[in-house]
Amino acid sequence: LPIPLDPDFECPSEDLLLYAAVHTALRRQIEDEVYEEETGWCGREKWNNRNWATYFTITLTCNGDEGEGEPCDGETAWAFGGASATCFLDIPELTENRWGWTNGPLAEGSYTFDLYTGAGQCDLAKGTYVGVVYVDYRDGVALVNYVIASGYRIGEAHLFVGEDILPVKGDAYTVAPGQLGAGKNFGPGVYECSFIADGLNGDIYVAAHAVVCDE
């Protein structure tokens, strides 16, 4: 569930660590007018030892450069936005022979993209689902949140958010992860990360890359 940013939010000059607790009340129908009710929490970390409530953390990086950390030897992953996705191989102006997707144009709003590894030639049948990428775009600011699926962790994340279909290096488009614009490396035990891109105007495109490793 995307949570929109406060209109007065200012992008921090350094990484911002946020703590989040998400509680749910679940109800499952057993038979007519008979229900089973449970409570649920999202996250892996416990608040204390007195109950099972959990939380998770999100690190916000604003238009950042490469961060510190020991990247894992994993597989490359790209976010696929369904009908909004354009395979890199279908962009005539792009000379690099890489699979992956740019997603857009995206008007202001909230979006959920699936994250895949191994989808050579942009063939999802070859790929493995490894998480989701949430995009919340409002008032010229885009919050992009990676959430990795159970059994995996994130070692690197690189992100392009802009008004053109892809970033430009020299006089040509590029999809080299290190040239997408924002990037960060992560050590063990990281399953989520976020970036903020501000100063945007009109429809945007998002190309979200990650290196994902087995847990």
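See the structure shown above.
Residues numbered from 1 in each chain as written. Predicted model: local features only at pLDDT ≥ 70, side-chain atom pairs only at ≥ 80, totals over all residues. Heavy atoms only, no water.

**Here's the deal with the state of the cysteines**
Right, on to step 1. Within the structure shown, the criterion is met by one disulfide.
Right, on to step 2. Two residues, Cys87 and Cys122, share a disulfide whose sulfurs are 2.1 Å apart. What sets the handedness of the Cys87 and Cys122 disulfide is the S-S torsion sign, and at about 80 degrees it is right-handed. In this pair, Cys87 sits in strand β7 (residues 85–87) while Cys122 sits in the loop between β9 (109–117) and β10 (128–138), placing the two residues 35 residues apart along the sequence.
Right, on to step 3. Residue classification places Cys87 among the buried residues on the basis of a relative accessible area of 8%.
Right, on to step 4. Judged by relative accessible area, which is 15%, Cys122 ranks as buried. (Disulfide = S-S within 2.5 Å. Helix = DSSP H or I, 4+ residues; strand = E, 2+ residues; numbered from the N terminus. Buried < 20%, exposed > 50% of the residue type's maximum accessible area, 1.4 Å probe, protein only.)

**Examining the pattern of salt bridges**
Right, on to step 1. Summed over the entire model, instances satisfying the criterion amount to two salt bridges.
Right, on to step 2. Arg98 serves as the salt-bridge partner of Glu96, at 3.2 Å between the closest nitrogen and oxygen. (Salt bridge = Lys/Arg side-chain N within 4 Å of Asp/Glu carboxyl O.)

**Overview of the nonpolar core**
Right, on to step 1. Among the nonpolar cores identified, the biggest contains 29 residues, and Leu115, Val133, Tyr146, Ile154, Val161 and Val206 are the most heavily contacted of them.
Right, on to step 2. Secondary structure elements with two or more residues in this core: β6 (75–80), β9, β10, β11 (141–148), β12 (152–162), β16 (192–197) and β17 (204–214).
Right, on to step 3. Excluding its chain neighbours within four sequence positions, the residues that come into contact with Val133 are Ala79, Tyr111, Thr112, Phe113, Leu115, Val144, Asn145, Tyr146 and Ala208.
Right, on to step 4. Trp99, Phe160, Ile165 and Tyr173 belong to the second largest nonpolar core, which has 18 residues in total. (Core = buried A, V, L, I, M, F, W, Y, C linked by side-chain atoms within 4.5 Å. Contact = heavy atoms within 4.5 Å.)

Interpretation note: all reported values are geometric properties and have no functional meaning in isolation.
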